[in-house]
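If you want the building blocks of each chain, they are given just below.
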Amino acid sequence: MKKVYIETYGCQMNVADTEVIFSILSGAGFERTEDISAADVIMANTCSIRDNAEQRIWGRIDSFNTVRKSRPGTVVGILGCMAERLKDALLDSGKVDLVAGPDAYRNLPSLLAAISDGHPQIDVELSREETYGDISPVRIDKGGVSAFISIMRGCNNVCSYCVVPYTRGAERSRDWKSIVREACDCFASGYREITLLGQNVDSYLFEDVDFADLLAKVAEVSPLLRVRFSTSHPKDISDKLIETMARYPNICRQIHLPVQSGSDRILEKMRRRYNREWYLGRVHKIREVMPDCGISTDAIVGFCSETEEEFRDTLSLFEEVGYDSAFMFFYSERPGTLAARNYPDDVPQEVKNRRLEELIALQNRLSLESNRRDLGREFEVLVEGPSKKNPDELCGRNSQGKMCVWPDTSHKPGEYVRVRVLDCTQATLLCREA
Ligand code: 5AD
Ligand code: SF4
């Protein structure tokens, strides 16, 4: 059997895709290896979201080529978003034998079969229907507690800075029955937490089942199965969804609600299709219905023409919401996007860096404040395994998604434990068993 090694970059959706790819390849007689030096096929499932993501992968392609030169016949493949964005340019580099975009994975066995010396293969066709709904992913997470389930693919939003609609194509929802079946399979094989994934889960629609309906169906698989989801778009997150979450204690109290900017002019330029007031209204609604709900976000600083004052609007919005956590980036121009075509990338890199540092410093304080509010509280935690720092401690997350550690060697991964928070850092709640 030929051995396949895959490195996965980018978002959780890519992790879920790699699991689909392993399933397709194992059906065609390939075997998975985690040892690059034993691999006949070396692949990277890639990300194009920012230039530094791509630069990192180019570096990996060079390392793969060192292996390829020392072992002629080894195949190097590039999958995912970078494959879709760069297409033939990857083959032209002479460093890659196979290029396959996000909707081409069913063809991987035939593409691999067609590669013989000097015959590189490429398939970057995007599809309006492909959801890989019938494929049972081969889980790559060894813990066996938490699994990703992809519920839709693609994105129709076309935010002006974003490459995803070009790399992942149009939005399509997977049949809810296959999603519920996959959740049941996960639970039966011991998983206790699933995360439903899509670029914009709130616009899920299959037949007459919307995302709130889907969430309820998955939550009903078992009260012992925790359900999370990502990512919500502020313009689409509905009252129905928020109220559905509140009805099911096993739907985790955590919403990732990327705001991107606190300035109305920048939001408009980003084509986000909501303003600051609308966003704050959604946060208010979430907290009214679920006062204990964790809220996290993504933000971009230094978008085209962003002034100092507009950046301050992002800082003040972070303060106003008091996020539990956030992913923060400086703007990276992506060729072909609306912003790249229409607006100059005119905020100097030093200014971007300084704004990013300032925002991260603010969020560090907000994360610590958020954790301090939990001192003395009790939470139910799903055990993931031993803590990384201390083998006499276990770690796991509470419903809000916060990492908890506590002295314990008696519980197993997948069990629920009640803990009380005694102390905290900015990143972790330090607890004891309640
Ligand atoms: N530059 C910087 N950050 C970006 N993101 C998306 N596109 C870009 C870009 N061109 C960020 C957004 C998004 C997250 C996944 O990545 O904040 O929510
Ligand atoms: Fe990266 Fe976006 Fe593609 Fe995910 S969808 S891999 S974040 S470019």
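Look up a bit, the structure's there.
Residues numbered from 1 in each chain as written. Chains lettered and ligands numbered in written order. Predicted model: local features only at pLDDT ≥ 70, side-chain atom pairs only at ≥ 80, totals over all residues. Heavy atoms only, no water.

Student: Got a minute to help me understand the site of ligand 1 in this structure?
Tutor: Looking at ligand 1, the residues that line it are I49, R50, Y161, Q260, D298, I300, F329, F330, Y331, S332 and R334. At a separation of 2.9 Å, an oxygen atom of ligand 1 approaches a polar side-chain atom of R50. Taking D298, its side chain carries an N or O atom lying 2.6 Å from an oxygen atom of ligand 1. Listed by contribution, the elements that provide at least two residues to the shell around ligand 1 are strand 15 (294-301) and strand 16 (325-330). (Near = heavy atom within 4 Å. Polar contact = N/O pair within 3.5 Å; in protein donor to acceptor, adjacent residues only side chain to side chain. Helix = DSSP H or I, 4+ residues; strand = E, 2+ residues; numbered from the N terminus.)

Student: Help me understand the environment of R418 in this model?
Tutor: By secondary structure assignment, the location of R418 is in strand 20 (residues 416-424). You can call R418 partly exposed: its relative accessible area is 42%. As for R418 and F379, which are separated by 39 residues in sequence, their C-alpha atoms are 5.6 Å apart. Not counting the four nearest positions on each side in its chain, R418 is found in contact with E378, F379, E380, R432, E433 and A434. (Buried < 20%, exposed > 50% of the residue type's maximum accessible area, 1.4 Å probe, protein only. Contact = heavy atoms within 4.5 Å.)

Student: I tried to follow the sheet that holds strand 10 (residues 193-197) on my own but got confused; where do I start?
Tutor: Sheet strands associate in pairs through backbone hydrogen bonding, adopting either a parallel or an antiparallel arrangement. Here we have three strands laid out as an open sheet, ordered 7-10-13, and parallel in their pairing. Sheet topology places strand 7 (146-150) and strand 13 (226-230) at the edges, where each strand pairs with a single neighbour. Ignoring which end each strand starts from, the neighbouring axes of this sheet average 25° apart. Relative to strand 10, strand 7 is paired through five bridges, and the arrangement is parallel. Within the sheet, the bridge partner assigned to S146 lies in strand 10 and is E193. The sheet contacts of helix 1 (residues 12-27) involve strand 7, strand 10 and strand 13, and relative to strand 7 the element is tilted by about 90°. (Pairing = 2+ DSSP bridges. Axes fitted to C-alpha atoms, helices over the stretch in contact; angles between N-to-C directions.)

The analysis is restricted to geometry; functional conclusions fall outside its scope.
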